[in-house]
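Examining the three-dimensional arrangement
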Amino acid sequence: MSDPQQKSYKKYIPNPEGLNLELHLKAVETGLLHIQRCLSCDKARQPPRYYCSACFSSEYEFVPVSGEGFMYSFAINHFTVDRAWIEEVPYVTAVVQLVEGPRVVGALRNAEPQDVNLGDPVLVSVEPRGEEFAFIWVDKVQ
Amino acid sequence: MDISGKVAIVGVGETDYVRGSDRSVTELVLDASMQAIQDAGLLPSDIDGVIPPPGYVTTEEIAANLGMPEVRYAVEVRMGGASPTAALQSAVMALASGVATNVLVTFGWNGYSAFRKRPDAKKTKRLGDPGPFIDVSRNFYAPYGVRSAVQWYSMYIQRYVDLYGITAEAAAQVALTCREHAHLNDKALMGGRIMTLDDYFDSPLITEPMRKLDCCLETDCAAALVLTTTERAKDLPHKPVLWLGGAEGHPYPADEITNRPDMLKLGLDSAAPRAFAMADVSPSDMDFLQIYDCFTYVVLMELEAIGICGKGEAGDFVKDGNIGLNGKFPMNTHGGLLSQGHCWGLNHIVEATHQLRHDAGKAQVENCELGLVTGYGDLGDGSIAVLARG
Ligand SMILES: [Zn+2]
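Structure report, in brief. Quantities reported herein were computed from a predicted structural model and do not represent experimental measurements. (Residues numbered from 1 in each chain as written. Chains lettered and ligands numbered in written order. Predicted model: local features only at pLDDT ≥ 70, side-chain atom pairs only at ≥ 80, totals over all residues. Heavy atoms only, no water.)

**What about the pairing of strand 8 (residues 241-249) of chain B?**
Residue and element names in this part refer to chain B.
- With 8 of 9 residues buried, strand 8 is to be regarded as a mostly interior element.
- The pairing of strand 1 (residues 7-14) with strand 8 spans 2 bridges and is classified as antiparallel. In the sheet register, Ala-8 faces strand 8, and the bridge partner there is Leu-242.
- Strand direction decides the pairing type here: strand 8 and strand 11 (residues 381-389), joined by 8 bridges, are antiparallel. Counted as the bridge partner of Trp-243 is Leu-387 from strand 11. (Buried < 20%, exposed > 50% of the residue type's maximum accessible area, 1.4 Å probe, protein only. Helix = DSSP H or I, 4+ residues; strand = E, 2+ residues; numbered from the N terminus. Pairing = 2+ DSSP bridges.)

**Let's talk about the layout of surface pockets**
- Here the second largest pocket is characterised by a volume of approximately 410 Å³.
- Taken together, 18 residues form the lining of the second largest pocket, with A:Lys43, A:Arg45, A:Gln46, A:Ser53 and B:Asn259 sitting closest to its centre.
- Partitioned by chemical class, the residues of the lining of the second largest pocket number 8 nonpolar, 5 polar and 5 charged. (1 Å grid on protein atoms, 1.4 Å probe; cavity = no way out; pocket = protein on both sides within 12 Å on 5 of 7 lines; lining within 4 Å. Points joined across faces, edges and corners; volume = space filled by probe spheres on them. Nonpolar A, V, L, I, M, F, W, Y, C, P; charged D, E, K, R; others polar.)

**With respect to the sheet that holds strand 1 (residues 34-38) of chain A**
All names here are of chain A.
- Read from one edge to the other, the open sheet built from 3 strands follows the order 2-1-3, with strand pairing classed as antiparallel. Only two strands of the sheet have a single partner each, and these edge strands are strand 2 (44-45) and strand 3 (60-64).
- Two elements, strand 1 and strand 2, share 2 bridges in a ladder whose sense is antiparallel. Across the sheet, residue Arg-37 finds its bridge partner in strand 2, namely Ala-44.

**Some details on the state of the cysteines**
Residue and element names in this part refer to chain B.
- Inspection of the entire model under this criterion finds 0 disulfides over all chains.
- With no disulfide partner, Cys-215 has as its closest neighbouring cysteine sulfur the one in Cys-216, 7.0 Å distant.
- Sulfur of Cys-368: no disulfide; nearest cysteine sulfur belongs to Cys-178 and is 17 Å away. (Disulfide = S-S within 2.5 Å.)

**What about the sheet that holds strand 10 (residues 370-377) of chain B?**
All names here are of chain B.
- An order of 3-2-4-7-1-8-11-10-9 is seen for the 9 strands of this open sheet, with the pairing classed as mixed. Sheet topology places strand 3 (73-74) and strand 9 (288-290) at the edges, where each strand pairs with a single neighbour.
- Helix-sheet contacts for helix 9 (residues 267-279) involve strand 8, strand 10 and strand 11, and the interaxial angle to strand 8 is about 145°. (Contact = heavy atoms within 4.5 Å. Axes fitted to C-alpha atoms, helices over the stretch in contact; angles between N-to-C directions.)

**Some remarks on the coordination of the zinc ion**
All names here are of chain A.
- The coordination sphere of the zinc ion contains the protein donors Cys-38 (SG), Cys-41 (SG), Cys-52 (SG) and Cys-55 (SG), at a distance range of 2.3 Å.
- Mapped onto the sequence, the residues coordinating the zinc ion show the spacing C-x2-C-x10-C-x2-C. Of the two residues, Cys-41 sits in the loop between strand 1 and strand 2 while Cys-52 sits in the loop between strand 2 and strand 3, which places them 11 residues apart along the sequence.
- Judged by its relative accessible area of 33%, Cys-41 is partly exposed.
- Relative accessible area serves as the criterion here: at 2%, Cys-52 is assigned to the buried category. (Donors = N, O, S within 2.8 Å, 3.2 Å for Na, K, Ca; no water.)

**Concerning the interface of chain A and chain B**
- With 36 residues of chain A in contact, the opposing surface of chain B contributes 33 residues.
- Here chain A meets chain B over a buried area of about 2900 Å², counting both sides, of which 54% is carbon and sulfur.
- Summed over the shared surface of chain A and chain B, the number is 2 salt bridges.
- B:Arg147 is the partner of A:Asp82 in a salt bridge, and the nearest nitrogen-oxygen pair spans 2.8 Å.
- Linking chain A to chain B there are 18 residue pairs in polar contact (both at pLDDT 80 or more).
- Elements represented by at least two residues in the side of chain A that touches chain B include exactly helix 1 (18-30), strand 4 (68-77), strand 5 (91-98), strand 6 (103-108) and strand 8 (134-140) of chain A.
- The element contributing the most residues to the side of chain A that touches chain B is strand 4 of chain A, with 6 residues.
- For the side of chain A that touches chain B, the per-class residue count stands at 23 nonpolar, 10 polar and 3 charged. (Buried area = accessible area lost by both parts, 1.4 Å probe. Salt bridge = Lys/Arg side-chain N within 4 Å of Asp/Glu carboxyl O. Polar contact = N/O pair within 3.5 Å; in protein donor to acceptor, adjacent residues only side chain to side chain.)

Written out as structure tokens, the structure is:
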């Protein structure tokens, strides 16, 4: 590890605050993907916000969701400025439409870029990293 | 209050577009600003409104270094690359209302040198303040290795090309056209450097569908404009270029791309109809288009957003030769961000001004009377200005 050529770069872990921290703590505690939901009109939203854009209520809860969804869009990264990701190119960043309504961004891990298409069914899961952040994984449903 | 046509661009200035400037951002901005003020036939002390580049150089610094003792209006517009064209709207409001009499709009940066260590270079500011979307990008994009503009935009461009069958050949047409126009411009960074379709396809993929030659140039440069009322413009040396209408638009939510009800709706989609209504013209009336071209595919989406063609039709539109200098809608006649240089689109406004003054040199669109400029920035903010020969 003393050889600078061998230096490994750790993947970035954010320090969430406020609502983002509340969201991540739920996921870290339970190991389940959570989404914010309005207590007044039940509308689910992502990322967390202080007021509901549908009914303007400030009452909310974080609820576990199924993780079921489909590929709404994606990015196939052949180049990255993030050294921790260089060895993974080309990597696919998934934009997943959850059945509960909101969309989440995560890392696709079980398919090659050429096998990814809009509408592909996927399953989203979380992996706690540290005390305050849950990384989002996306798997294509084969 | 009707503000259409009440304000004019009366002065323009720009530095060279280079990679490896030996001047700081402040020096570049002051140089371009002084050129614009002199071009307007004014003195720095005549300027009482300043809209500087957000985060790089302050109004206080500009005013103190150039000699502007009477500043009464100083704001910053924080819309990334949409800022300069949106700043026109702010300048127009300040001038038409009488709050200010002569407004300087400027932008400059070391977009190339600040990212590359060079032992002989002066210290320079690396970046402006973080974007207004920093909280979302840190928490929801960066953990997945998504940290740069090309990656953020791919999250919607991939969907755009898949839904509408937009081809790489169409994107290439945008890059090749900008390069052709750069050859006509002595100030263009890529002037004289030939680009072929093979070069385009040989350039590496960055984030699909974008290749290196779909991306604009990191550049050291600055540009500046002076605006005043159309009334006062009569006494100044140049043919005034009138601001007929303009607008800014923000996608919703502006700080997060993926949860927009329609991810393909840009800020420009809502801004453009307002600008055309104010100017009382339609897109097809334009004699030229200066479209913010950070990435070729963004240009295609913007052409649809301004209504010059329908949704999903921009690919065929650019392939039909419409955007060349001899086409129906000559586009980015200076070479654009893709081949002139990246001055956050303030260079597009400078070029539009030269076109409407009829002093655009080899790239002159003959007898042009009306043209537009767009801006695009951050996570899809948009701005537009419809300009006319006074
Ligand atoms: Zn609600």
